[in-house]
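Spelled out from the first residue to the last, the chains are:
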Amino acid sequence: MKLEITVAERQERCDRLLEHLQQRDLAGVTLFGRDYILYYAGFDFIPTERPIAFVMNSAGERALFVPRLELEHARGEADVERVAHYDEYPDKVHPLQQMAALLADMGVQGETGGDGDGYPWIFGYRGPALSDVADVVLRDVRPFIEDSMAVKSPAELNCIRESCRWGNLAHQLLQDYTRVGASETEVEMRASNEATLAMYAAIGPVYRAQGGFSGSGAHAGYRGQIGRNAAIPHAIANNIRFQAGDVLVTGASATVWGYHSELERTMFLGEPNDACKRLFDHMVALQDAAIGAMEPGAPCSRVDGVVLEYFRQHDLMSHWRHHSGHTIGLRYHEGPFLDFGDDTPMLPGMVFTVEPGLYDAALGGFRHSDTVAVTEEGVEVMTYYPRDLTSLTIPQ
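Cut-off values and rules
Residues numbered from 1 in each chain as written. Predicted model: local features only at pLDDT ≥ 70, side-chain atom pairs only at ≥ 80, totals over all residues. Heavy atoms only, no water. Helix = DSSP H or I, 4+ residues; strand = E, 2+ residues; numbered from the N terminus. Rg over C-alpha atoms; globule rule 2.2 N^0.38 Å. Buried < 20%, exposed > 50% of the residue type's maximum accessible area, 1.4 Å probe, protein only. Contact = heavy atoms within 4.5 Å. Areas by Shrake-Rupley, 256 points an atom, 1.4 Å probe, with all protein chains shown as cover. Pairing = 2+ DSSP bridges. Axes fitted to C-alpha atoms, helices over the stretch in contact; angles between N-to-C directions. Phe/Tyr/Trp six-rings, centres within 6.5 Å; stacked < 30°, edge-to-face > 60°. Lys NZ or Arg CZ within 6 Å of the ring centre and 35° of its normal. Salt bridge = Lys/Arg side-chain N within 4 Å of Asp/Glu carboxyl O. Polar contact = N/O pair within 3.5 Å; in protein donor to acceptor, adjacent residues only side chain to side chain. Parallel < 35°, antiparallel > 145°, perpendicular 65-115°, else oblique. Left-handed = near helix turned anticlockwise from the far one by under 90°. Nonpolar A, V, L, I, M, F, W, Y, C, P; charged D, E, K, R; others polar. Expected span 1.5 Å × (residues − 1).

Q: Lay out the overall build of the chain in plain terms, naming residues and giving numbers.
A: Within the chain, the regular secondary structure consists of 10 helices and 18 strands. What you see for the chain is a C-alpha radius of gyration of 23 Å, in line with the 21 Å of a compact globule of 396 residues. The dimensions of the chain, computed from C-alpha atoms along their principal axes, are 70 × 40 × 40 Å. Here the chain holds 396 residues, and the buried ones make up 57% of them. Residue pairs at least 24 apart in sequence account for 69% of intrachain contacts in the chain once pairs closer than 6 positions are excluded. When the accessible area of the chain is evaluated, it comes to approximately 16,200 Å², of which 51% is carbon and sulfur surface.

Right under this line is the structure:
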């Protein structure tokens with residue numbers, strides 16, 4: 001199994017993008033998004049107030065526009081023909097004015113594809129619209145890029161499978177180390193560090209994280225979803241100490257060549273009561289129904305429709321909080337979505353999280369999430385951690 005995104009694969013991506021630009025009679029493209037730049041140029045970086053952009057003209061020539069502090073980094077890592085740089089932001093001459101000169105030199109003028117009219121205002125950055133300083137009229141190419149990213153290549157699928165493997169180990173260690181009186185911080189750090197070291201020992205020579213802000217290695221944790229806080233789907237870690245009877249909602253993954261997976265489980269610290277068992281059983285049945293509704297060519301809305309019908313039939317709507325899943329890849333959340341309002345067809349190569357959940361303020365949250373790829377024949381459940389109550393009950 002090959003664990004890398006090759007130069008040739010990135011060239012194929014750029015060729016498809018170039019064909020799209022030519023079909024729309026666009027002079028080129030400018031991309032500021034970190035994930036888009038990683039996708040097309042293989043350049044991973046931490047976005048700050050300093051603009052970074054990918055540029056490609058109608059002849060297929062590619063360039064990266066970076067601050068001086070990223071110059072050597074970009075020259076060594078980016079799959080582009082040229083790297084242009086500016087000194088710093090802020091400066092007497094704004095970086096986007098210097099980028100305008102690069103666009104003119106590359107012949108990128110007039111109607112041009114883009115993911116936004118200028119660099120986004122993050123980390124204190126302020127700047128003009130690109131169209132105010134360059135001779136361009138921006139046309140949105142994000143729908144094409146998002147559709148391209150949604151269907152994974154064999155190499156991308158291999159990276160996600162490898163992410164599942166090490167996320168599985170991190171989760172097993174998380175469960176092993178969870179005990180009454182321990183804090184979520186110490187348990188998460190121990191499990192994540194040990195899993196990461198094991199991953200480095202096993203695949204270190206062929207491993208690259210390319211995780212940006214999400215970092216590198218394997219990780220598992222609770223993100224504050226402990227006890228009644230488990231009823232908050234997007235809770236925040238707070239160094240909570242585990243108590244007997246806690247309902248626990250977990251999360252585990254690993255960043256492999258920029259790609260993520262998602263493994264979540266509902267666990268119990270001690271034997272759960274009957275009310276918890278009831279919601280747990282419904283949660284497993286909901287996830288089974290969701291995965292059973294997935295097939296190539298079917299609309300994403302079909303999955304959420306089956307889930308919502310189960311909620312209604314069993315009088316569970318008071319426990320509903322969110323749609324049934326989302327695609328995943330270079331970002332933890334991508335589109336399309338397993339949502340009643342998304343009729344996008346599920347295509348072979350799309351990878352979804354399947355995570356219908358139930359939430360009760362008096363009991364906690366009940367959610368498993370598995371990473372599931374759509375195939376020509378049906379689906380491949382890529383994560384494989386136990387889902388049954390017995391396996392997920394931690395003795396006191």
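Q: For the sheet that holds strand β17 (residues 379–381), give the residues involved together with the corresponding values.
A: One open sheet holds the 5 strands; their spatial order is β12-β11-β13-β16-β17, and the pairing between them is antiparallel. Only two strands of the sheet have a single neighbouring strand rather than two, namely β12 (334–338) and β17. Taking each pair of neighbouring strands and ignoring which way they run, the sheet shows an average axis angle of 30°. Here 3 bridges tie strand β16 (residues 370–374) to β17, and the two strands are oriented antiparallel to one another. Looking across to β17, one finds that A373 is bridged to E380.

Q: Break down the packing of aromatic side chains for me, citing the residues and quoting the values.
A: Under the defined criterion, the tally for this structure stands at 11 aromatic pairs. Each ring, one from Y200 and one from Y207, has its centre 5.7 Å from the other, and the planes form 50°; the classification is tilted. Given a relative accessible area of 34%, Y200 falls into the partly exposed group. Since its relative accessible area comes to 11%, Y207 is described here as buried. An aromatic cluster is present here, built from F32, Y89, Y119 and Y125 joined pairwise through their rings. In this structure, R13 is placed above the aromatic ring of Y39, and the distance from its NZ or CZ to the ring centre is 4.0 Å. A cation sits over an aromatic face here: R190 above Y177, 3.6 Å from the ring centre.

Q: I'd like a description of the pattern of salt bridges, backed by residues and values.
A: Evaluation of the coordinates by the stated rule reveals 28 salt bridges. The partner of D35 in a salt bridge is R34, with the nearest N and O atoms 2.8 Å apart. Pair check on accessibility: D35 and R34 agree, each one buried. The partner of E334 in a salt bridge is K152, with the nearest N and O atoms 2.9 Å apart. Of this pair, E334 sits in strand β12 while K152 sits in the loop between α6 (142–150) and α7 (154–177), and the two are 182 residues apart along the sequence. You can call E334 buried: its relative accessible area is 3%. Classification of K152 as buried rests on a relative accessible area of 6%. Salt bridges linked by common partners bring R34, D35, D44, E146 and R331 together as one network.

Q: Give a detailed account of the environment of T178, specifying residues and quantitative values.
A: Position of T178 among the secondary structure elements: in the loop between α7 and α8 (184–203). In this structure T178 comes out as buried when scored by relative accessible area, which is 3%. Sequence separation between T178 and A100 is 78 residues; the distance between their C-alpha atoms is 55 Å. Leave out the neighbours within four places in its chain, and T178 touches V187, Y222, F242, L248, L269 and I394. Side-chain polar atoms of T178 contact the side chain of Y222, separated by 2.5 Å.

Q: Describe the packing of helix α2 (residues 34–41) against α6, listing the residues and the values that go with them.
A: Running from N to C, α2 and α6 cross one another at 60°; their axes reach a closest spacing of 12 Å. The angle between α2 and α6 falls in the class oblique. Like other packed secondary-structure pairs, α2 and α6 cross with a definite hand, here left-handed. Residues D35, Y36, Y39 and Y40 of α2 pack against R142, F144, I145, E146, S148 and M149 of α6. Here the contact of α2 with α6 is built from residues that sort into 6 nonpolar, 1 polar and 3 charged.

Q: How would you summarise α7 if you had to cite specific residues and measurements?
A: Counted at 1.5 Å a residue, the expected span for α7 with its 24 residues is 34 Å, and the 35 Å between its end C-alpha atoms agrees. Along α7, 18 of the 24 residues are buried, which leaves the element largely enclosed by surrounding structure.

Q: Would you mind going over the side chain of D79 in detail, with residue names and values included?
A: Take D79: it is sitting in the loop between α3 (71–77) and β4 (82–86). Accessibility expressed as a relative area gives 15% for D79, which makes it buried. Sequence-distant contacts of D79, defined by excluding residues within four places in its chain, comprise V7, R10, A41 and R62.

Q: Quick one: what's the story with the pairing of strand β9 (residues 251–255), residue by residue and with numbers?
A: In terms of burial, β9 is a largely internal element, 4 of the 5 residues being buried. Alignment of strand β7 (residues 217–221) against β9, held across 5 bridges, turns out to be antiparallel. Residue pairing for β9: A218 is matched across the bridge by A254.

Q: An account of the sheet that holds strand β18 (residues 393–394) is requested, with residue identities and associated values reported.
A: Reading across from one edge, β8-β10-β18 is the order of the 3 strands in this open sheet, with mixed pairing throughout. Every interior strand has two partners, whereas the edge strands, β8 (247–249) and β18, have only one. Looking at chain direction, β8 and strand β10 (residues 266–269) are connected through 3 bridges and run antiparallel. Within β10, the position partnered with L248 by the bridge is M267.

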